[in-house]
Amino acid sequence: MIEVSGISKKFKTKKKVVSALEDVSFSCEDGKIFGLLGPNGAGKTTALRIMATLLKPDSGSVKVSGYDTVKQSTEVRKRIGFLTSDMKLSGNLSPDELMNFFGELNHISKEQLSSTKEQLVRYLGMGDFVNKPVEKLSTGMKQKTSIAVSLIHNPQVIIFDEPTNGLDIISSKVVTDFLKDFKKQGKTVIISTHIMPEAEKLCDTIGLIFEGHLIECGTKEELFKKYSQDSIEDIFFALAEERGLIKNV
Ligand SMILES: Nc1ncnc2c1ncn2[C@@H]1O[C@H](COP(=O)(O)OP(=O)(O)OP(=O)(O)O)[C@@H](O)[C@H]1O
Ligand SMILES: [Mg+2]
């Protein structure tokens, strides 16, 4: 379970102050997939980094399985698997060695580690490259490796920033099927994406974010009914235009 309550975040640069998030609230229960959707610069990664304890909100709070991400960050970290688009894998360690490293860092027993590794490699189709140095892997292979590393401690809450970024349709399906499987296991899944049809297929609840504002949030059925539309993309454009948030469209 994740509960996001009124989070705001500003970034101050030399030239200006950017308001990345303004009073954003939503929640996601166990056994559900929540999708945070919005264009480039909307505030998706900022929101996910706050949930993953990597950034502190200026105001508001986030609870992960009841633990506060600022005051109880160690407890939160044990329970989350975070995939970030910023993590660039390089160097000559192989996916297998990286999984061992992060497994040991998380104090996972040898038996548990080898069974989780075996499952992840099989499920993500990493057999052909699991022992190759990551610097020699393709973008998609690196993305699968990052996903495997983020899940090595079998977290209850999965926070994935653009999980299908750089993946072809086959690999994207592997990842989205994987996320659906987590949902079936009763885990909480939060993803961000700007690919609206993908989110529409995968997510139970959708939050539309634009320029730091969560402009709408609800289940697909609720949103389709409320706006008499049958596509999230159409709802997004209608809302953004209505609020004067889209220029030159
Ligand atoms: N560390 C930072 N310093 C200054 N500004 C930042 C920082 N991180 C994010 N921002 C700004 O905050 C806003 C939101 O950025 P964020 O990365 O959260 O967007 P996003 O929705 O993830 O976009 P994208 O789809 O491009 O990944 C942007 O205007 C961005 O320039
Ligand atoms: Mg981002």
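Residues numbered from 1 in each chain as written. Chains lettered and ligands numbered in written order. Predicted model: local features only at pLDDT ≥ 70, side-chain atom pairs only at ≥ 80, totals over all residues.

Undergrad: Just give me the short version of the overall build of the protein, but keep the residues and values in it.
TA: Within the protein, the secondary structure is distributed over nine helices and ten strands. Taking 2.2 N^0.38 as the reference for a compact globule, 249 residues should give roughly 18 Å; the C-alpha atoms of the protein span a radius of gyration of 18 Å, in line with that estimate. C-alpha atoms of the protein, sized along the principal axes, occupy 55 × 40 × 40 Å. For the protein, buried positions account for 37% of its 249 residues. (Helix = DSSP H or I, 4+ residues; strand = E, 2+ residues; numbered from the N terminus. Rg over C-alpha atoms; globule rule 2.2 N^0.38 Å. Buried ≥ 20, exposed ≤ 12 C-beta atoms within 10 Å, placed from the backbone.)

Undergrad: I'd love a proper account of the site of ligand 1, names of residues and values included.
TA: Not every one of the 13 residues close to ligand 1 is listed here, only the nearest: F11, N40, K44, T45 and T46. No other element matches the three residues that helix α1 (residues 44–51) contributes to the shell around ligand 1. (Near = placed C-beta within 6 Å.)

Undergrad: Quick rundown of the sheet that holds strand β5 (residues 67–68)? Include the residues and the values.
TA: Taken together, the four strands give an open sheet; going across it, the order is β2-β1-β4-β5, and neighbouring strands pair in antiparallel fashion. Strand pairing shows two members of the sheet lacking a second neighbour, β2 (17–28) and β5, which therefore form its edges. As defined by bridge partners, strand β4 (residues 59–64) adjoins β5 across two bridges and the pair is classed as antiparallel. Bridge pairing links K63 to D68 in β5. Against the sheet, α1 engages β1 (2–12), β2 and β4, with an angle of about 120 degrees to β1. (Pairing = 2+ DSSP bridges. Contact = placed C-beta atoms within 7 Å. Axes fitted to C-alpha atoms, helices over the stretch in contact; angles between N-to-C directions.)

Undergrad: How would you explain the packing of helix α3 (residues 95–105) against helix α5 (residues 139–150) if you had to name every residue and give the values?
TA: Close contact between α3 and α5 brings their axes to 9 Å; oriented N to C, the two are set at 25 degrees. Between α3 and α5, the crossing angle belongs to the class labelled roughly parallel. As α3 packs across α5, the resulting crossing turns out to be right-handed. Only T145, A148 and V149 of α5 make contact with α3, whose side of the interface consists of P95, L98, M99 and F102. The residue makeup of the contact of α3 with α5, split by class, is six nonpolar, one polar and no charged. (Parallel < 35°, antiparallel > 145°, perpendicular 65-115°, else oblique. Left-handed = near helix turned anticlockwise from the far one by under 90°. Nonpolar A, V, L, I, M, F, W, Y, C, P; charged D, E, K, R; others polar.)

Undergrad: So what's going on with the nonpolar core? Residues and values would help.
TA: Core analysis: the largest hydrophobic core is formed by 61 residues, its most contacted members being I2, L37, M51, A148, I159, I190 and I232. Among the elements that take part in this core, β2 stands out by supplying five residues, more than any other. Those residues within four positions of I2 in sequence are excluded, and the remaining contacts are S27, C28, M51, V62, V64, V157, T188 and I190. (Core = buried A, V, L, I, M, F, W, Y, C linked by C-beta atoms within 7 Å.)

Undergrad: Could you give an account of the sheet that holds strand β10 (residues 213–219), naming the residues involved and the relevant values?
TA: Spatially, β6-β7-β8-β3-β9-β10 is the arrangement adopted by the six strands of the open sheet, whose pairing is mixed. Each having just a single partner strand, β6 (80–83) and β10 make up the two edges of the open sheet. This sheet shows a mean twist of 15 degrees between the axes of neighbouring strands, independent of strand direction. Of the pairings in the sheet, the one linking strand β3 (residues 33–37) to strand β8 (residues 188–193) comprises five bridges and is parallel in character. Residue pairing for β8: G35 is matched across the bridge by I191. Each of β3, β9 (205–210) and β10 touches helix α9 (residues 232–242); the most contacted strand, β9, lies at about 35 degrees to it.

Undergrad: Account for helix α4 (residues 110–124), with residues named and values stated.
TA: Here α4 contains 15 residues, and its C-alpha end-to-end distance of 21 Å stays within 8% of the 21 Å for a straight helix at 1.5 Å per residue. For α4, the full list of buried residues reads K117, L120 and L124. Buried residues along α4 cover an arc of 70 degrees about the axis, so they all sit on one side. Away from its buried face, by an angle of more than 90 degrees, α4 presents the exposed residues E111, E118 and R122. Residues of α4 that are buried make contact with α3, α5 and α6 (169–184). (Expected span 1.5 Å × (residues − 1). Arc of directions from axis to C-beta.)

Undergrad: Report on the environment of G81, specifying residues and quantitative values.
TA: One can find G81 in strand β6. Placed 76 residues apart in sequence, G81 and V157 show a C-alpha to C-alpha distance of 6.3 Å. Every residue in contact with G81, bar those within four places of it in the chain, is listed here: S150, L151, P155 and I158.

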